[in-house]
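Listed below, chain by chain, are the residues.
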Amino acid sequence: MLMGNGEKRPLLVATQAVDRIRVESSRAVDRASSTTDEEGHLDDTLSLSQPMRRKVTAWHIAVLLFFLVAGSPAGIEDCVRAAGPLPTLTALVIVPLLWALPQALMTAELSTMMSSNGGYIVWVQRAFGPFWGFFNAYNSVACNAVDLSLYPILFVQFVNDLHPLATHTKVLVFAAVIVLVFALNMRSLDIVGLASVVFTLLVLSPFIAEAFMEVPRMRPQAWFEVLPASAINYTLFINTMLWNWSGFDGAGSIAGEVKNPGRSYPIGVLLGIFLITINYVVPVAIGASRTAPHWDLWVEGYLITIAKHVAPWLGTWTLVASCMSQLGQYNANLSTTSRAVWRVGSYRMLPPVFATIYRKYDVPVVGVVFQTVCVCCLVVFDFEIIVQFSNFLNCITLLLEFAAFIVLKYNEPHAPRPYEVPGGKLGAWIITVPKIILIVATLAVASRITWILCAAFQVFTIVMYVLWKRGLLSYVVQGWAPVPESP
């Protein structure tokens, strides 16, 4: 529930007390770097004595979520090909309620309860302690790095569709995307949010124009068509639909920089869900009306083809918007995932240098550099395998996040929650159970190669945990060991 102004002061005092406890614990650890000056030099920010500046508003959260979750309607075409327009449009109404809204509400509550950067890294660590905290951290970092690598690749593909490129030109375009988004993320988060507002307007504008142009020719009866049951590709449909509605927990990574989080988070996530729903439903409804009954044509990028059929200039505009979408998604995801990496470094689950920040703009500079390097390395891998691997790891981390959400409801019932999911513990279970069922169903239909790759990664994670817990990694990098507990 939202609290009035009179109730905020006790919450602030409680939050400051928690921060002081964390600061005392942090001071027991050797610094990886030295000091921060007013000019904004690098600093080891494991200490929380200098909190992040809170500049992010509800609108920033909404547009960041738009790009963390969707970014554009591109990618939803496979759902129409797999099952037809009726299941797709139905799912676009039901999935936000059963999949997206629970994740969004959980993120809002936990982000206001633990209003510091790191989000899901902090939640699982606080609920379950070091083993599951470490397990979640490594799965999250891997999932984020793999997912990030998709966006520059897709940007180059869209630019190539707009104007065919030579191989060396593709490399230059890829490098330009990397440099541009890196530069944006070296500034404060409100600048990243402002860029996301601009990208959102650019992405949605051609589909709004298309909707106005196609209303007189709309054929609603096409929306009710469905493929024969034997022809429906359930694996493709479920994976694609859920992947296109995943990413709300990323908003928790910036909680330490959100202004008035108890109000900004619930408003921001609801606005985000509205934007994302419109983003998917309108183009699918228009496209289905125009292309029935040729659902086999709906491959990735087909929405651009439909726009070209409406008007050649609209097709070009839509293709340009798709390019901007990839930039926006890469920009938003890099800003949130780099803060998750920073938090993993602050727990010393990665070398201490990962907890370094550029104080002038509150930028987790090593996290940004690390994620950028990972993107450059992963570009050579198969696109389909990357999507499946990312989706599988995302499901694992979501299971841990919702488990943490429930556990903290029981273990810390009186902890300050400026925003709380309505219904208390019962409300928490109501939004959690459907999400868990969908996650398990997604894991069940994953391919064999995905299971093998992810199982191998879990073995690697457990081995790394044992080495880390016993302090053996500190022989490789000084300080890469559990943070000593305060006496």
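Residues numbered from 1 in each chain as written. Predicted model: local features only at pLDDT ≥ 70, side-chain atom pairs only at ≥ 80, totals over all residues. Heavy atoms only, no water.

Q: Summarise the pattern of salt bridges; cite the residues concerned and give the values.
A: Applying the stated criterion to the full structure yields 8 salt bridges. Between Glu109 and Arg417 there is a salt bridge, and its shortest N-O distance comes to 3.0 Å. Of the two residues, Glu109 is situated in helix α4 (residues 85-113) and Arg417 in the loop between α15 (383-411) and α16 (424-444); the sequence distance between them amounts to 308 residues. Of the two residues examined, Glu109 and Arg417, each falls in the buried class. The salt bridge involving Glu214 is made with Arg217; its shortest N-O contact spans 2.6 Å. One salt-bridge network, in which partners are shared between bridges, spans Glu109, Lys409, Arg417 and Glu420. (Salt bridge = Lys/Arg side-chain N within 4 Å of Asp/Glu carboxyl O. Helix = DSSP H or I, 4+ residues; strand = E, 2+ residues; numbered from the N terminus. Buried < 20%, exposed > 50% of the residue type's maximum accessible area, 1.4 Å probe, protein only.)

Q: Outline the packing of aromatic side chains, listing residues and values.
A: Taken as a whole, this structure holds 17 aromatic pairs when the rule is applied. When the centroid spacing of 4.9 Å and the interplanar angle of 80° are considered together, the rings of Phe392 and Trp451 count as edge-to-face. Separated by 59 residues along the polypeptide, Phe392 in helix α15 and Trp451 in helix α17 (residues 448-469) bring together distant segments of the chain. Three or more aromatic residues joined by ring pairs form one cluster here, namely Phe131, Trp132, Phe134, Phe135, Tyr138, Tyr465 and Trp468. Note that Arg343 overlies the ring of Tyr347, its terminal NZ or CZ placed 5.7 Å from the centroid. (Phe/Tyr/Trp six-rings, centres within 6.5 Å; stacked < 30°, edge-to-face > 60°. Lys NZ or Arg CZ within 6 Å of the ring centre and 35° of its normal.)

Q: Talk me through the side chain of Asn136; I want residue IDs and the actual numbers.
A: Considering the arrangement of structural elements, one finds Asn136 in helix α6 (residues 130-148). Residue class for Asn136 comes out buried when judged on its relative accessible area of 0%. Ignoring anything within four residues of it in the chain, the contact list for Asn136 reads Tyr120, Ile121, Val124, Thr397 and Leu400. (Contact = heavy atoms within 4.5 Å.)

Q: Mind laying out the nonpolar core, listing which residues take part and the relevant values?
A: If you look at the biggest cluster of nonpolar residues, it comprises 140 residues, and the most contacted ones within it are Tyr138, Met241, Trp245, Phe248 and Phe405. It is α15 that contributes the most residues to this core, 14 residues altogether. In this view, Met241 contacts Ile76, Cys79, Thr88, Ala91, Leu92 and Val95; residues no more than four positions away in its chain are not counted. With 5 residues, the next largest nonpolar core counts Ala209, Ala307, Ala311 and Leu314 among its residues. (Core = buried A, V, L, I, M, F, W, Y, C linked by side-chain atoms within 4.5 Å.)

Q: Summarise the packing of helix α7 (residues 150-162) against helix α8 (residues 167-185); cite the residues concerned and give the values.
A: Describing two packed helices takes the angle between their axes plus the distance from one axis to the other. Look at α7 against α8: their axes get within 9 Å of each other, and the N-to-C directions meet at 130°. Compared by their axis directions, α7 and α8 come out oblique. Considering only the axes of α7 and α8, their crossing is right-handed. Contacts between α7 and α8 involve Pro152, Ile153, Phe155, Val156 and Asn160 from the former and Lys170, Val173, Phe174, Val177 and Ile178 from the latter. For the contact of α7 with α8, the per-class residue count stands at 8 nonpolar, 1 polar and 1 charged. (Axes fitted to C-alpha atoms, helices over the stretch in contact; angles between N-to-C directions. Parallel < 35°, antiparallel > 145°, perpendicular 65-115°, else oblique. Left-handed = near helix turned anticlockwise from the far one by under 90°. Nonpolar A, V, L, I, M, F, W, Y, C, P; charged D, E, K, R; others polar.)

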